[in-house]
Structures are given as structure tokens and as C-alpha cells.
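# Structural overview
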Amino acid sequence: MVIIMKPEASAQNIKGIVEVIHNAGLTAKVTEGVQQQIVAVIGDKSRVATVAFDAMPGVDHTVAISKSYKLASRESHPRDSVINVDGIEIGGGTFTVMAGPCAVESREQLLTAAEIAKKGGAQFLRGGAYKPRTSPYSFQGLEEEGLKYLAEAKEKTGLRIVTEVTEVEAVETVAHYADLLQIGARNMQNFRLLKEVGRTNKPVMLKRGLAATIDEWLNAAEYILSEGNENVILCERGIRSYETYTRNTLDLSAVAAVKHLSHLPIIVDPSHGTGKWRLVKPMALAAVAAGADGLIMEMHPNPAKALSDGAQSLTPEHYYDLMTDVLKLKDFMRDEHMESIDLED
Ligand code: PEP
Ligand code: MN
């Protein structure tokens, strides 16, 4: 349930509401609405079933949230969330690009990729140090050594670092080096891991599970939010379908759906979403048009030699070409280009 306060409600009114919620053993979360404050009631709402919130001073009305996720819902937080990742704001109209190799393979490979990512206009460098590979015989990642190369790349280029954490035991180490913790598709419903990153103060990028519904995905985000970490960014990376030509089916309708259902920013990964480098640019442009808050893409100095996901990795040239058009489209979509529509006619 959320309690919508009147625009003129006082701080004392809010305090009164919050006290009633606390006294029932529940959690109250106060957020700024468009015109008024909103108090979300978190927990078993049957405990306040007999409280007439509507009759309390300062209350405009109450809204029951039927969804199982509450903190992730737009009802509890009508404005877009803006997540600050080491000074870079994601969401609320900004556009953020993350680029880099699938895996950190060596110091030289990563530093070269970082220079290219920076030159093309990305704000984040991506690169997995802990790799969740389908086969146990595939390259598993450099682990902490890889994290050190990522930190060095940040020092040299100023790019922020996004990298995956695959297990509870590694959260502290990864959080020490990274700016943004990536929860991969295979771990979207690893609830212990979600709770653990929820207890850190690091922003988290939560990828959609391979076969997860939007509802399951937003519930996974709720696990992180309910532990106190409000800094969650969603990432659509494609889901399994009967199609085999593409690695996954990139569900761009999820961008529009999530924007309606949730206040959390959502970015798109057209690399894992398609599995083919040729499809990455068209899908990146489509993601921009669909309203995504950013992109995460795989780019490798030499994709033919990549230890993982070479087939979907952009060459530096393809990456520069993609960025040129993505930034042009983003620019075109800004409000000032819409003046030509004359509503008087
Ligand atoms: C990755 O980003 O390299 C990755 C493994 O992604 P996903 O979890 O979406 O498969
Ligand atoms: Mn990959």
C-alpha cells in the first residue's frame, strides 16, 4: 500500500503516519512524488488493515499495490530514479554507454580496450573478471588479477568500472574495485547473492534472467532494494525463445514495460541480446528509440582472438561507427528537435 499525502501536508503529518506504520512492526519509505510526498508501507499490510489512513491529517488517499514488488514499483516512487555511480548519473533522461570486452584477458588487452572505449565516447568500461561460463572447460576469468587491471584502466582513462560478481564470497572483493556491480542473467534469481549486494552501498546492474518474466525480474530487484540498497539499474539482455539464429531474443518491449511499471533506470545489452556483432548496431539504435537509459556492449581490440563472446564483440571500427550513429539519434530525440510539429494546425 502507498499513502499519497496532500501537497500541503506538513512534516508533522508525515511523522504521524510513519509512527503508525512503525508501531505495527512495518517499514515506511517516504519518497517525493511529482507534487506531493508518498509513504510506502513495506511488509505484511494486514497488520495495518484496521488503520484508517485516509482519515489521518495530511492524507489525500491510499492506493493498494497488488504487485508483489513494492519498492521497485512506480506507484511507490512516481519519479524516475537517478542512480549516481561515482559521479555519473544514470536515469531520468541521461544516456550512458558501457563498452569493453566480455572478459578481462590480460593487462594489455584491457588497457587497449579501455582507450578505445574512451575514444568512442563510453563513460564505463566493462569486462568480466569472474566469468559464468556455460562449459567448465571454457576460460573462467582472471578473478582478482582482472579486477586490478580494471582499476588500473580506470586510473588511466577515468572510465567507471562495471564488472560481474558471481558469488556471495566475492562481493566484498569485487565491490572494492568496481563502481557498478553486475549481477548476470544466470544469477538473477540467486537470492542470497541479491541480498548480499543489497547490503553493500555499491550501485548494482541487474541483468534479466535467461527465461525470466518482467515480474520475476522486478521481484529480483526488490530483493536488492529491500536490503536498503536503492541504487539498482536494470539491464535487458535478451531472453530464450524458439529462435536459434540469434543467441537470445532481445525483448525491447521490456524497456517500455519497465518504464511504465518501475522507476528504475533500464539499459540494453544488444551484444548478448543477439550474439552476432552485425546485429548489435541496429539493435542499439532500436534500444535508443525505445527509450533505454543507456547501452552496454562488448567490444574487443581483436574479436577473432577473444577468449569469450568474440562473435558478438564489435571491432574498434564498428564500435566507433555505432557510437557516431547512436549519439546522432540520441541528439535527434532530444526535445528541441520536436519543435517542427505545429499543434496549431
Ligand atoms: C556478460 O555480460 O558477459 C554476461 C555473461 O552477460 P549475461 O549474464 O547477460 O549472459
Ligand atoms: Mn559476454
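Whatever comes next refers back to the structure up there.
Residues numbered from 1 in each chain as written. Chains lettered and ligands numbered in written order. Predicted model: local features only at pLDDT ≥ 70, side-chain atom pairs only at ≥ 80, totals over all residues. Heavy atoms only, no water.

## A word on the packing of aromatic side chains
Taken as a whole and judged by the stated rule, the model has 2 aromatic pairs. Measuring from ring centre to ring centre gives 4.4 Å for F191 and Y223, while their planes differ by 25 degrees; the resulting arrangement is stacked. Residue F191 is found in helix α5 (residues 191-198), and its partner Y223 is found in helix α6 (residues 214-225); the two are separated by 32 residues along the sequence. Residue classification places F191 among the partly exposed positions, given a relative accessible area of 32%. The class for Y223 is partly exposed, based on a relative accessible area of 31%. Judged by centre distance (5.7 Å) and plane angle (45 degrees), the ring pair of Y319 and Y320 falls under tilted. (Phe/Tyr/Trp six-rings, centres within 6.5 Å; stacked < 30°, edge-to-face > 60°. Helix = DSSP H or I, 4+ residues; strand = E, 2+ residues; numbered from the N terminus. Buried < 20%, exposed > 50% of the residue type's maximum accessible area, 1.4 Å probe, protein only.)

## A word on the site of ligand 1
Contacts to ligand 1 come from C102, R126, K131, E164, Q182, G184, A185, R186, K207, R237, H272 and E298. Note that an oxygen atom of ligand 1 is positioned 2.7 Å from one of the backbone N or O atoms of A185. In this structure, H272 approaches ligand 1 through a side-chain N or O atom, which is 3.2 Å from an oxygen atom. Cavity membership is defined here by more than half of the atoms lying within 2 Å of grid points; on that basis ligand 1 lies in the second largest pocket. (Near = heavy atom within 4 Å. Polar contact = N/O pair within 3.5 Å; in protein donor to acceptor, adjacent residues only side chain to side chain. 1 Å grid on protein atoms, 1.4 Å probe; cavity = no way out; pocket = protein on both sides within 12 Å on 5 of 7 lines; lining within 4 Å. Sits in = over half its atoms within 2 Å of the grid points.)

## Overview of the side chain of E164
Along the chain, E164 turns up in strand β9 (residues 160-164). Although E164 lies buried, it forms no salt bridge, and the closest oppositely charged side chain, K131, sits 4.8 Å away as judged by the N-O distance. (Lys, Arg positive; Asp, Glu negative; His and termini not counted. Salt bridge = Lys/Arg side-chain N within 4 Å of Asp/Glu carboxyl O.)

## So, the nonpolar core
Formed by 75 residues in total, the largest nonpolar core has its most connected members in L125, L206, L234, M297 and Y319. Sort the elements by how many residues they give to this core and α6 lands first, with 7 residues. With residues near it in sequence (within four places) discarded, L206 still touches I183, M188, L194, W217, A220, A221, I224, I233, L234 and C235. (Core = buried A, V, L, I, M, F, W, Y, C linked by side-chain atoms within 4.5 Å. Contact = heavy atoms within 4.5 Å.)

## Here's the deal with the coordination of the manganese ion (ligand 2)
The protein atoms donating to the manganese ion (ligand 2) are C102 (SG), H272 (NE2), E298 (OE) and D309 (OD), with metal-donor distances spanning 2.0 to 2.4 Å. Taken in chain order, the donor set of the manganese ion (ligand 2) reads C-x169-H-x25-E-x10-D. Highlighted residues: C102 in the loop between β7 (96-100) and α2 (107-120) and E298 in strand β14 (residues 294-298), separated in sequence by 196 residues. E298 shares its class with C102; the two are buried. (Donors = N, O, S within 2.8 Å, 3.2 Å for Na, K, Ca; no water.)

## Digging into the pairing of strand β2 (residues 27-32)
Along any regular strand the residues' side chains alternate between the sheet's two faces. As judged from the 6 bridges shared by β2 and strand β3 (residues 37-42), these two strands associate in the antiparallel manner. Directly across from K29, in β3, lies its bridge partner A40. What sits between β2 and β3 in their antiparallel hairpin is a turn of 4 residues. (Pairing = 2+ DSSP bridges.)

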